[in-house]
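In case you want the letters, here they are:
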Number of protein chains: 2
Amino acid sequence: MSAARPPPLAGVTVVDLSQIYNGPYATFLLAQAGANVIKVEPLTGEHLRRRSAVGGAALPFAMLNANKSPVTLNLKSERGRELLLQMAMRADVLVENFAPGVMDRLGLGWEQLRAANPRLIYASSSGFGSSGPNRDFPAMDLTVQAMSGVMSVTGFEDRPPVKAGPALCDFFAGTHLYGAITTALYEREKTKTGRRVEVSMQEAVYPSLASNLGLYFSSGGKVPLRTGNRHGGLAESPYNVYPTADGWIAILCAGEEQWRALTRVMGRPELAQDPRFVELATRVKHLDEVDAAVTAFTRTQGKGRLFEILAGAHIPCAPVRDLEEVVNDVHLHQRGFLQWIDHPVLGRIVVPNSPLRFMDTPLTPHVPSKKLGADNRNVYGEWLGLPPEVISELEKQGVISGMEQ
Amino acid sequence: MSAARPPPLAGVTVVDLSQIYNGPYATFLLAQAGANVIKVEPLTGEHLRRRSAVGGAALPFAMLNANKSPVTLNLKSERGRELLLQMAMRADVLVENFAPGVMDRLGLGWEQLRAANPRLIYASSSGFGSSGPNRDFPAMDLTVQAMSGVMSVTGFEDRPPVKAGPALCDFFAGTHLYGAITTALYEREKTKTGRRVEVSMQEAVYPSLASNLGLYFSSGGKVPLRTGNRHGGLAESPYNVYPTADGWIAILCAGEEQWRALTRVMGRPELAQDPRFVELATRVKHLDEVDAAVTAFTRTQGKGRLFEILAGAHIPCAPVRDLEEVVNDVHLHQRGFLQWIDHPVLGRIVVPNSPLRFMDTPLTPHVPSKKLGADNRNVYGEWLGLPPEVISELEKQGVISGMEQ
């Protein structure tokens, strides 16, 4: 229908000092949208790379650091900081997620870098932001889940608060950071001037608590309890995760029509006439009975078959899938969001593309995450223009190391 | 230090057809960044507005629809669709999160609108995207949490999978959608051409499962079980949520130094010498004993005092806070992220600003969410240039209704 278009951020250069999930997810999105991302790591590698030598961190590192150019740089040396300044002078965007104050102490804060490059977009993310009394609080996904109220509304009422399984504070922050950066890129086309932008993890997760906050206010300040898989306000029914012959299925009925459809599928149309179940107002007074009736039906079949039957009757539902089912999801593979690759170190793994789909532009081909310092020669030589003998000298002085073998 | 700068998206006009959380969060971020967001609703109001008449949906509606201009429009009428086309011809961005196919059936799909306005950015979000076999599956936050694997990794091992409390699938999608839109705005400055962009809820949440996916792969395909508040790979200790005299506290030790600091704070430095606890490799074999020792200490004090003591010793930790504590967070109020307002309908409520902080630009003042159709006269009269008699005629014909009283 349309000719293929280049990726939208082609020509944008990003110097990325960030580590683990938050900043690296923002720069993953930048790279997937066509930006040239130079990943600047300490000589020992960033935290996630170091951890990835063993176990569970290997795949996350590969996921988030595809399509980036890794270089090493020792920011503890004067010469290293000088080199970073030179890079910032040529870049469009700098991304960092150190604790607030670290970049200033290195002499690489916003005021210093903007003076050197007024077009630079300087993007920071931290747990609680660069101002306010909690600025220096320790921030990791677990602690921000605790501080932000996420845990207090997750889990069953008779059990302790529990963390959400995904690292949502880190990834909410990284996604917002990407949005702040692209907004500043747009603005710079008009103003010819860069900007400092920032995102706090705690603030980035807050809006997602909208339903829970709504119940807190509508109940006159009565703090909502955890409701497991039931509706947060216990104001919908059926609304739960129900056991099946081979796992679990989430089912909810939005409105009376869907409830009547469900009773027909269950082979129990009489329930829709039962005074206890005739309308939402009565059903929410008999949550346990409603759930028992639905459970009696769902227990008899597998979750896949139930999903077919219920979805066919236009009842909102979904099987609770485990990660094996998710990484093998035919739909996600057909859309090109997931793909199997042969990673040079990790072997056969599944990696995601960007959730941002720019139609008419082919999906960005996956360039596997590279070894520490793999692009030192390209970046310091070709991009920064340092002669080979200077690069060798920098290696000897411990300013940049040789690449990982 | 610097003169105040205008908001980065000043001058951008958005026609917003989206409903509830996903699209409306993207357009909330657009409005807070300075865009002019025209919220186009059916004559009866969008779903969340209708629900907000009672209970828990009122605050979420007020949170997400601040700083927007609501108009009504009947897209089921020919004249209504013509008016939308006229609006799209003057707009920079159109946002919709109907089920895939709905806009095409209305004659308002991408191909139709791009023909009318080649500079238009056309942004769509849906549960599973506009292609692939699952395209038409019912998608609400609960069902996408089930399908995406989020539930399977949330909760305690001895209990069923449980949803994450926040509506993370909706909000991850909305945040990504914002990023896709601003990326296309940047690109349009170069190419002078608009674009169609899309985000699927399922894809938007996938990257946040990085840790869980990492464990799935590193264990050779053994699906990770739910681990409650313990580390997902049971590879860190201490790492848990511990009971205190008045609630719960999240504590984790990243490295031996922090563990030794914790034993000192606990008044039990001998634990760091105990063969069971001397290093991470032995501690993870004695998770229950480690947690019991930490619990014996945390039970003796309140979470606030514990937080002070532990944070002072540089041990990552945070009190598990409920929503009452969160909405009254001095830090969030001092940063201007949260503020108390007197909403014309809801009275005194707390509302958030944008998590995107554009330094040197004052925070966008909060304009409370308005009544249905409140800006009909402004938008159809001043912006679209319809004379008053035509607007009256459209009201009579049921194409746009009068505003809510």
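Residues numbered from 1 in each chain as written. Chains lettered and ligands numbered in written order. Predicted model: local features only at pLDDT ≥ 70, side-chain atom pairs only at ≥ 80, totals over all residues.

> Help me out: how do you make sense of the overall build of chain A in this one?
From N to C terminus, chain A includes 18 helices and 12 strands. When its C-alpha atoms are laid out on the principal axes, chain A stretches across 85 × 45 × 45 Å. Scored against the burial criterion, the 405 residues of chain A give a buried share of 56%. Long-range contacts, defined here as pairs at least 24 residues apart, represent 69% of the contacts in chain A between residues at least 6 apart. (Helix = DSSP H or I, 4+ residues; strand = E, 2+ residues; numbered from the N terminus. Buried ≥ 20, exposed ≤ 12 C-beta atoms within 10 Å, placed from the backbone. Contact = placed C-beta atoms within 7 Å.)

> Explanation requested: the pairing of strand β4 (residues 93–96) of chain A in the structure shown.
Residue and element names in this part refer to chain A. The alternating pattern of β4 places V93 and V95 and L94 and E96 on opposite faces, both of which are buried. Judged from the 3 bridges that link them, strand β1 (residues 13–16) and β4 form a sheet pairing that is parallel. Residue pairing across strands places V14 opposite V93, the latter belonging to β4. As paired strands, β4 and strand β5 (residues 121–126) are joined by 4 bridges and run parallel to one another. (Pairing = 2+ DSSP bridges.)

> Teacher, can you tell me more about the interface of chain A and chain B here?
Many analyses report the size of an interface as the accessible area lost when the parts associate. Residue-level contacts link 118 residues of chain A with 118 residues of chain B. Here the element with the most residues in the side of chain A that touches chain B is helix α8 (residues 168–191) of chain A; it accounts for 15 residues. Split by residue class, the side of chain A that touches chain B holds 74 nonpolar, 30 polar and 14 charged. Two strands pair when backbone bridges link them, and strand β6 (residues 195–200) of chain A and strand β12 (residues 357–358) of chain B are joined in this way by 2 bridges, in the antiparallel orientation. Bridge assignment links E198 of chain A to a residue of β12 of chain B, and that residue is R357 of chain B. (Nonpolar A, V, L, I, M, F, W, Y, C, P; charged D, E, K, R; others polar.)

> I tried to follow the sheet that holds strand β8 (residues 247–252) of chain A on my own but got confused; where do I start?
In any sheet, the strands associate via hydrogen bonds between backbone groups, in a parallel or an antiparallel arrangement. Residues and elements named next belong to chain A. Taken in spatial order, the 3 strands make up an open sheet running β7-β8-β9, and their pairing is antiparallel. In the strand order of this sheet, the two ends are held by β7 (239–244) and β9 (317–319), each with one partner. Looking at each pair of strands side by side, their axes are set apart by 20° on average, direction ignored. Strands β7 and β8 of the sheet are contacted by helix α13 (residues 287–298), whose axis makes an angle of about 35° with β7. Helix-sheet contacts for helix α14 (residues 303–312) involve β7, β8 and β9, and the interaxial angle to β9 is about 165°. (Axes fitted to C-alpha atoms, helices over the stretch in contact; angles between N-to-C directions.)

> What's the story with the sheet that holds strand β12 (residues 357–358) of chain A in this structure? I'm lost.
Read from one edge to the other, the open sheet built from 7 strands follows the order β12(A)-β6(B)-β5(B)-β4(B)-β1(B)-β2(B)-β3(B), with strand pairing classed as mixed. Two strands lie at the open edges of the sheet, namely β12 of chain A together with β3 (68–72) of chain B, each paired on one side alone. Sheet topology places strand β2 (residues 36–41) of chain B next to β3 of chain B; 5 bridges connect them, and they run parallel. Residue pairing across strands places K39 of chain B opposite P70 of chain B, the latter belonging to β3 of chain B.

> I keep staring at the packing of helix α1 (residues 22–32) of chain A against α8 of chain A and nothing clicks. Help me out?
A pair of packed helices is characterised by two quantities: the angle between their axes and the separation of those axes. All names here are of chain A. Look at α1 against α8: their axes get within 7 Å of each other, and the N-to-C directions meet at 45°. One way to sum up the angle between α1 and α8 is to call them oblique. The two elements α1 and α8 cross, and the hand of that crossing is right-handed. Each of N22, G23, Y25, A26, L29 and L30 in α1 lies in contact with α8, whose residues at this interface are D170, F171, A173, G174, T175, L177, Y178 and I181. Counted by class, the contact of α1 with α8 contains 9 nonpolar, 4 polar and 1 charged residues. (Parallel < 35°, antiparallel > 145°, perpendicular 65-115°, else oblique. Left-handed = near helix turned anticlockwise from the far one by under 90°.)

> Looking at this model, I keep getting lost on helix α17 (residues 376–383) of chain A. Mind explaining?
Along an α-helix, a turn takes 3.6 residues, which lines up residues three or four apart on a common side. Residues and elements named next belong to chain A. Buried within α17 are the following residues: N376, V379 and Y380. Angular distribution of buried residues about the axis of α17 spans 90°; they occupy a single face of the element. For α17, the elements touching its buried residues are β2 (36–41), β3 (68–72) and α18 (388–396). (Arc of directions from axis to C-beta.)

> Just checking my understanding: could you explain the environment of T227 of chain A for this structure?
Position of T227 of chain A among the secondary structure elements: in the loop between α10 (210–218) and β7. The spatial distance from the C-alpha of T227 of chain A to the C-alpha of E157 of chain A is 5.8 Å, given a sequence separation of 70 residues.

> Sorry, what's going on with the packing of α8 of chain A against helix α8 (residues 168–191) of chain B here?
For the pair α8 of chain A and α8 of chain B, the least separation of the axes is 8 Å and the interaxial angle reads 20°. Between α8 of chain A and α8 of chain B, the angle is such that the two are roughly parallel. Crossing geometry of α8 of chain A relative to α8 of chain B is assigned as left-handed. Together, L168, F172, T175, H176, Y178, G179, T182, T183, L185, Y186 and E189 of chain A of α8 of chain A and L168, F172, T175, H176, Y178, G179, T182, T183, L185, Y186 and E189 of chain B of α8 of chain B make up the contact between the two elements. Each residue belonging to the contact of α8 of chain A with α8 of chain B can be placed in one class, and the counts come to 10 nonpolar, 10 polar and 2 charged.

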